[in-house]
Number of protein chains: 4
Amino acid sequence: MRIGILNSGGDCPGLNAVIHGVVCAACKLGWEVVGFRDGFEGLLPPGDYTMLDPSRTVGITKLGGTILGTTNKGHFVAKVGEGKATTVPADVLEKAKATLRHLEIGALIVVGGDGSMTTALQLFREGIPVIGVPKSIDNDLASTAMTFGFMSAVASVVDALDRLHTTAESHKRVMVLEVMGRHAGWIALYGGVGGSADIILLPEIPFSMKRVADVINQRDAHGHHSTLIVVAEGAKFEAGGLVTKEKVGGQGEDRLGGIGERVALRAQELTGKEARECTLGHLQRGGPPTSLDRILALRFGVKAVQLIQDGKFGRMVSYQQYLVGDVSIEDAVSKLRLVEKDNELVMAARSVGISFGDETQ
Amino acid sequence: MRIGILNSGGDCPGLNAVIHGVVCAACKLGWEVVGFRDGFEGLLPPGDYTMLDPSRTVGITKLGGTILGTTNKGHFVAKVGEGKATTVPADVLEKAKATLRHLEIGALIVVGGDGSMTTALQLFREGIPVIGVPKSIDNDLASTAMTFGFMSAVASVVDALDRLHTTAESHKRVMVLEVMGRHAGWIALYGGVGGSADIILLPEIPFSMKRVADVINQRDAHGHHSTLIVVAEGAKFEAGGLVTKEKVGGQGEDRLGGIGERVALRAQELTGKEARECTLGHLQRGGPPTSLDRILALRFGVKAVQLIQDGKFGRMVSYQQYLVGDVSIEDAVSKLRLVEKDNELVMAARSVGISFGDETQ
Amino acid sequence: MRIGILNSGGDCPGLNAVIHGVVCAACKLGWEVVGFRDGFEGLLPPGDYTMLDPSRTVGITKLGGTILGTTNKGHFVAKVGEGKATTVPADVLEKAKATLRHLEIGALIVVGGDGSMTTALQLFREGIPVIGVPKSIDNDLASTAMTFGFMSAVASVVDALDRLHTTAESHKRVMVLEVMGRHAGWIALYGGVGGSADIILLPEIPFSMKRVADVINQRDAHGHHSTLIVVAEGAKFEAGGLVTKEKVGGQGEDRLGGIGERVALRAQELTGKEARECTLGHLQRGGPPTSLDRILALRFGVKAVQLIQDGKFGRMVSYQQYLVGDVSIEDAVSKLRLVEKDNELVMAARSVGISFGDETQ
Amino acid sequence: MRIGILNSGGDCPGLNAVIHGVVCAACKLGWEVVGFRDGFEGLLPPGDYTMLDPSRTVGITKLGGTILGTTNKGHFVAKVGEGKATTVPADVLEKAKATLRHLEIGALIVVGGDGSMTTALQLFREGIPVIGVPKSIDNDLASTAMTFGFMSAVASVVDALDRLHTTAESHKRVMVLEVMGRHAGWIALYGGVGGSADIILLPEIPFSMKRVADVINQRDAHGHHSTLIVVAEGAKFEAGGLVTKEKVGGQGEDRLGGIGERVALRAQELTGKEARECTLGHLQRGGPPTSLDRILALRFGVKAVQLIQDGKFGRMVSYQQYLVGDVSIEDAVSKLRLVEKDNELVMAARSVGISFGDETQ
């Protein structure tokens with residue numbers, strides 16, 4: 001038996017642990033493992049790949065990134081969300097199939113996000129025995145209670161907030177930290193609560209800068225002269241809110257440097273306090289996985305091999321009720337899990353006085 | 001309204017986050033919070049306590065230990081497990097009640113382990129409005145799916161294994177790391193899988209040194225000249241196993257330095273390879289809480305205040321299905337959760353070639 | 001005896017260790033310590049201060065920032081460098097003297113950078129018994145071989161590069177990290193060498209984007225498809241270089257987001273490879289001090305007290321030949337230490353193939 | 001040109017950075033690099049080695065241990081110190097020479113401690129063009145102001161003390177941390193000051209347990225109910241001191257578990273306070289190098305190649321006055337640098353109230 005594995009989409013802490021899990025579990029069964037490079041692109045003839053065995057993967061679980069490389073571009077990109085659902089062209093699929101046939105790959109494990117699962121599903125429908133492993137640093141897939149990488153990203157945010165906390169206090173400043181989360185605010189929510197932010201701004205809860213400024217001023221009045229704000233990159237101003245991109249100098253969005261900078265500029269204008277901004281960016285993505293992410297990712301890898309063993313193709317590994325199980329890829333794709341207004345952690349955060357920049361106290 | 005809080009038993013990363021959660025949530029409701037020092041001992045007349053408010057607890061969530069102090073000794077110790085179930089003497093209870101009455105404490109939050117919950121239950125039966133918050137660094141309470149502190153302890157173990165890994169490889173040695181876990185092996189299991197140990201020895205799975213030596217030798221034969229072993233302090237040799245305390249020099253157990261040292265000595269004897277031992281000890285307990293432990297502990301604190309608000313006395317905070325809920329203290333005490341043989345993570349570990357020192361491959 | 005201490009200028013890891021060192025050493029001599037808040041501003045009548053003793057400072061050495069607060073603005077700012085040398089107005093000085101007299105401060109310890117030392121010198125000339133403690137996260141003071149905080153900033157840069165390394169490799173990208181260093185490139189140099197950057201761009205060594213692009217392309221040709229670039233915020237393009245602010249969209253410098261973004265944009269244009277940028281910003285400044293910074297800062301604090309004891313006013317603590325000594329503040333101010341072209345570490349970096357974006361190989 | 005490199009003695013953070021520095025610098029000159037495995041043992045015919053180039057060493061600088069392996073045993077051990085000065089047998093030397101001749105090695109870089117330098121010197125006298133690179137995690141070589149690995153070990157000690165601090169305070173305990181340092185107490189001294197220990201016990205300053213107990217009791221009386229003690233493994237009780245191995249149960253030294261355990265036991269006996277012990281052991285040795293250790297080690301590697309280029313054989317790399325230079329191996333061996341009583345850091349530590357367990361306050 002020979003199986004293939006590839007990583008697709010943005011990199012995420014834990015990818016190497018998935019690979020290690022797959023390789024060790026497959027090796028124990030006497031199987032060979034082919035690692036395709038740079039996502040689905042590695043499937044293009046003649047195939048860009050490397051043979052993997054445990055001696056190649058020992059020690060990689062603690063490393064960020066992926067030894068196989070990955071990409072969120074290329075010939076196989078199937079766009080999802082935002083109304084566009086494109087598919088992989090037939091000739092590209094045929095080429096991939098030819099490579100897999102040529103290399104005698106009995107099953108293909110695809111580790112990727114929602115877009116990659118859409119591609120994986122297409123491959124499966126073309127007759128390729130595919131197993132999916134979900135990857136979402138944002139932890140926003142409805143079909144799995146947890147994805148690896150998320151906890152590592154949260155740890156980065158918490159570490160950054162700890163650092164910003166002391167400098168903010170020393171200078172009595174407002175500090176704004178922009179973190180990942182285009183559609184779902186889980187990283188901002190968990191990172192903000194874990195790092196003792198005072199204000200958390202999420203894509204799911206529109207905020208007003210007036211309310212943000214009120215909170216800063218109230219804190220000041222109570223002797224808390226610094227304020228920590230975490231803002232998800234996809235956070236949105238309330239309709240009719242005070243800041244729009246036009247109002248901050250009239251320049252194009254590209255040059256504005258993101259929501260974090262806009263929040264900081266406007267907070268400074270509205271409160272008169274010094275505000276500084278920091279965008280965590282790729283530092284969230286590239287770090288080493290935390291202990292739990294290593295473990296979860298390894299389990300995902302092991303489960304993928306078991307699904308192959310059981311012949312359960314077209315299935316995606318999924319974490320449910322603290323156990324690693326599986327769902328059909330078809331059921332899994334295009335279902336996001338967003339932060340709801342009455343989410344328990346949102347409510348707990350409000351209970352300890354964290355503001356979400358809205359009118360709810 | 002004035003409420004009290006105390007920590008009891010061994011310290012655990014996250015205790016300060018519980019305190020911060022309680023204080024902030026109570027403050028938002030306009031309540032006062034009295035923090036009793038050194039566990040239940042602080043309840044002895046005239047009461048050893050400090051008034052807490054958010055300005056006192058800001059910044060403490062990232063610190064290990066507890067600002068209130070704690071103890072696992074004293075007048076209130078109710079022993080559980082091992083057949084002994086002692087109770088707190090009536091006169092001691094009366095003294096505690098007198099202090100709470102004198103200070104006009106409307107509800108008492110007890111943060112502690114199984115023994116402390118037994119004491120809490122006794123107080124509750126005496127008419128004191130008690131709320132329990134579970135604390136178990138071993139994560140071995142059946143009544144809650146997760147306790148804070150556990151993930152931090154696992155992170156310490158993983159960090160230690162990462163360190164030992166490079167030195168073990170450089171010197172082609174066997175390295176044994178002894179970790180916490182007298183009855184339940186969760187720390188060893190998670191730490192061992194997360195830190196890529198080769199052999200994991202748990203209280204729940206009796207092991208034989210012969211099998212351990214076989215694994216070391218097989219690894220050597222396959223070119224892996226170093227072996228990492230994690231052993232829980234309560235791990236047990238198989239009946240009829242090769243090592244007993246008598247056989248290692250005939251000295252008293254106190255002088256043996258624990259199971260880690262015995263495993264290392266015996267592994268060296270049986271394989272002829274250099275073996276070294278390291279006991280992680282208090283380094284597991286005293287560190288800063290990880291992001292997730294901070295969040296979980298904060299939520300536990302918030303929930304405790306909500307239970308008071310709802311008048312649900314005699315209840316213990318509990319994490320179930322990713323939500324923080326509650327159970328009755330009475331139902332919760334004395335129920336341990338141990339690692340079962342067919343636990344998914346145990347099975348996954350076996351799948352990637354980790355040995356548990358037993359005959360199962 | 002009663003002494004005063006204040007922190008001035010930007011915050012820097014280690015300030016709290018200086019405070020702890022001063023407080024403990026003074027306490028041992030039976031002195032009282034007054035901590036002035038928010039830099040020299042705390043000297044304005046009636047004085048904004050707090051009494052310090054070891055029980056207040058225990059545990060602070062590991063924290064970033066300063067418990068006293070600091071500012072780089074206000075009434076006392078003496079500008080240095082760039083040709084401008086302003087002085088503190090006479091009435092402001094008189095007010096400060098009045099506060100010190102009123103509080104019976106026998107000596108004042110000023111912890112600050114070059115600008116703060118200029119102010120300290122002015123106070124000293126006005127008859128105030130001043131001791132200086134140098135603070136420069138950039139480590140660019142000629143009068144001391146090392147300043148605390150620098151090593152912590154370097155550690156932040158190295159950690160960030162480690163994180164960017166894996167994600168850069170996974171995506172075959174160019175990653176640009178902008179770090180502190182307006183005039184002196186020590187943080188970029190040490191951080192870049194420690195974090196295995198491929199290209200380091202310093203204020204002292206003008207670089208050309210053509211050369212940077214050549215290096216990226218050469219690396220690509222040799223199979224290294226990712227490139228890590230560290231750029232100090234004050235790094236300068238060679239005269240006649242390919243990029244000026246006008247050429248990148250014609251927008252004002254404020255909106256350009258700094259040199260890092262410009263290098264990334266231009267590298268992408270010139271090489272066709274994806275380039276991403278990250279500005280470390282306040283994350284460098286606010287973190288906990290490394291072990292060595294804690295020790296160095298503590299020694300600086302102790303030495304300041306000894307200088308008071310010896311009546312050596314007008315002197316600044318200085319690290320020379322691995323020993324903590326002192327120099328006159330007058331001799332110390334306005335003398336920067338820059339990275340020279342033949343600096344040993346620059347040469348070593350070139351030896352291992354690191355490029356500085358200039359023509360020297 | 002083809003050069004060889006080997007690591008000898010105990011592993012130490014930074015060894016991989018030396019290798020990377022050597023490999024990159026040699027590669028830039030067009031040389032080949034042969035890495036011998038497991039210290040001098042790799043020189044035994046037919047030679048146990050691997051060819052090294054930058055693609056093999058990229059990314060290793062951040063890893064502890066050594067990719068080449070090392071040993072402090074075997075055929076080449078030249079014992080130094082303690083009066084014994086043995087030499088490597090002539091036949092073993094001949095075998096090594098044969099291997100080097102056979103592989104056409106033009107120069108051999110030996111990275112090791114004092115014992116390894118003695119062997120290196122013997123090889124040099126036999127006509128082998130040898131360059132030495134000093135390695136001492138204890139930083140106790142008189143011939144170099146700093147060795148790599150030391151700062152990493154100190155960082156481990158400081159991290160451990162931070163962890164023990166919170167648990168010690170929570171339980172009002174005495175915590176004893178045993179660290180490396182058989183003859184020289186630099187790790188204990190720097191680690192203890194950096195980690196805010198209350199008592200530091202060094203090989204160079206004999207201590208009395210009576211004095212240690214007095215300090216604990218005095219602290220208790222002043223409201224500091226916990227005490228942190230760092231003890232170097234080679235710390236010695238004063239002649240006539242209260243504790244000897246005979247007095248602690250009459251058992252052999254092997255079973256006593258080291259000085260840390262003895263100090264803890266005796267402190268508990270003398271003060272009645274709970275005392276706990278932790279031995280850091282291999283956790284100090286195996287961790288990743290700190291930023292500065294990576295840089296220093298890399299510079300050492302580069303310098304070794306330069307010395308070969310300059311034909312300066314029989315020389316050892318040395319750090320002096322912040323520059324990497326060289327000394328003759330002959331002058332370097334067998335000269336230790338110990339902590340002197342009037343060492344500035346010892347004096348500074350005393351100034352802030354740290355006790356060394358002796359009569360000096």
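Scroll up to find the structure.
Anyway, here's the lowdown on the structure attached to this text. (Residues numbered from 1 in each chain as written. Chains lettered and ligands numbered in written order. Predicted model: local features only at pLDDT ≥ 70, side-chain atom pairs only at ≥ 80, totals over all residues.)

### Structural notes on the sheet that holds strand S9 (residues 275-279) of chain D
All names here are of chain D. Under the convention used in this document: Two strands pair if DSSP finds at least two bridges between them. A run of H or I in DSSP becomes a helix once it reaches four residues, and a run of E becomes a strand once it reaches two; helices and strands are each numbered from the N terminus. Lines are fitted to the C-alpha atoms to define the axes, a helix being fitted only along its stretch in contact, and any angle between axes, read from their N-to-C directions, falls within 0 to 180 degrees. With C-beta atoms placed from the backbone, a contact is any residue pair whose C-beta atoms sit within 7 Å.
Here we have four strands laid out as an open sheet, ordered S7-S8-S6-S9, and parallel in their pairing. Pairing within the sheet leaves two strands with one partner each, and these edge strands are strand S7 (199-201) and S9. Sheet twist, expressed as the average angle between the axes of neighbouring strands with direction ignored, equals 15°. Relative to strand S8 (residues 227-232), S7 runs parallel, the two being bridged by three bridges. When the sheet's bridge partners are listed, Ile-200 is paired in S8 with Val-230. Packing against the sheet, helix H6 (residues 186-194) makes contact with strand S6 (174-179), S7 and S8, and its axis sits at approximately 160° to S8.

### Description of the interface of chain B and chain D
The line we're drawing: Nonpolar residues are Ala, Val, Leu, Ile, Met, Phe, Trp, Tyr, Cys and Pro. Charged residues are Asp, Glu, Lys and Arg, and all others, Gly as well, are polar.
The interface is formed by 29 residues belonging to chain B together with 29 residues belonging to chain D. Those elements that place two or more of their residues in the side of chain B that touches chain D are helix H5 (150-171), strand S9 (275-279) and helix H10 (282-285) of chain B. Of the residues belonging to the side of chain B that touches chain D, the class tally is six nonpolar, 16 polar and seven charged.

### Describing the interface of chain A and chain C
Think of interface size as the accessible area that goes away when the parts come together; that is how it is often given. With 29 residues of chain A at the contact, the number on the chain C side is 29 residues. Among the secondary structure elements, those contributing two or more residues to the side of chain A that touches chain C are helix H5 (150-171), strand S9 (275-279) and helix H10 (282-285) of chain A. At eight residues, H5 of chain A tops the list of elements feeding residues into the side of chain A that touches chain C. Among the residues making up the side of chain A that touches chain C, the classes are represented as six nonpolar, 16 polar and seven charged.

### Comments concerning helix H13 (residues 344-351) of chain B
Inclusion rule: Any residue whose C-beta has 12 or fewer other C-beta atoms within 10 Å is treated as exposed, any with 20 or more as buried, and any in between as partly exposed, C-beta atoms being built from the backbone.
Residues of H13 of chain B that are buried include every one of Leu-345, Val-346, Ala-348, Ala-349 and Ser-351 of chain B, and no others. Those residues of H13 of chain B that are buried are in contact with helix H1 (15-28) and helix H11 (291-309) of chain A together with helix H6 (186-194) and strand S7 (199-201) of chain B. Where H13 of chain B ends, the next residue or the one after it, Gly-353 of chain B, has phi of about 95°, a positive value.

### Brief notes about the arrangement of the chains
As for chain C relative to chain B, no contact occurs, and the smallest C-alpha gap between them is 11 Å. Regarding chain A and chain D, which are not in contact, the minimum distance between any of their C-alpha atoms is 11 Å.

### Re the packing of helix H6 (residues 186-194) of chain A against helix H11 (residues 291-309) of chain B
Filter applied, for reference: Reported orientations rely on four angle classes, namely roughly parallel under 35 degrees, roughly antiparallel over 145, roughly perpendicular from 65 to 115, and oblique for the rest.
Their axes nearest at 8 Å, the elements H6 of chain A and H11 of chain B cross at an angle of 80°. Taken together, the axes of H6 of chain A and H11 of chain B lie roughly perpendicular to each other. Residues Tyr-190, Val-193 and Gly-194 of chain A of H6 of chain A touch H11 of chain B, and the partners they reach there are Ser-291, Arg-294, Ile-295 and Leu-298 of chain B. The residue inventory of the contact of H6 of chain A with H11 of chain B, partitioned by class, reads four nonpolar, two polar and one charged.

### So, the packing of helix H11 (residues 291-309) of chain C against helix H13 (residues 344-351) of chain D
One way to put it is that H11 of chain C packs onto H13 of chain D with a least axis distance of 10 Å and a crossing angle of 70°. Here H13 of chain D runs roughly perpendicular to H11 of chain C, going by the angle between their axes. Of H13 of chain D, the residues touching H11 of chain C (which contributes Leu-298, Arg-299 and Val-302 of chain C) are Leu-345, Ala-348 and Ser-351 of chain D. In terms of residue class, the contact of H11 of chain C with H13 of chain D is built from four nonpolar, one polar and one charged.

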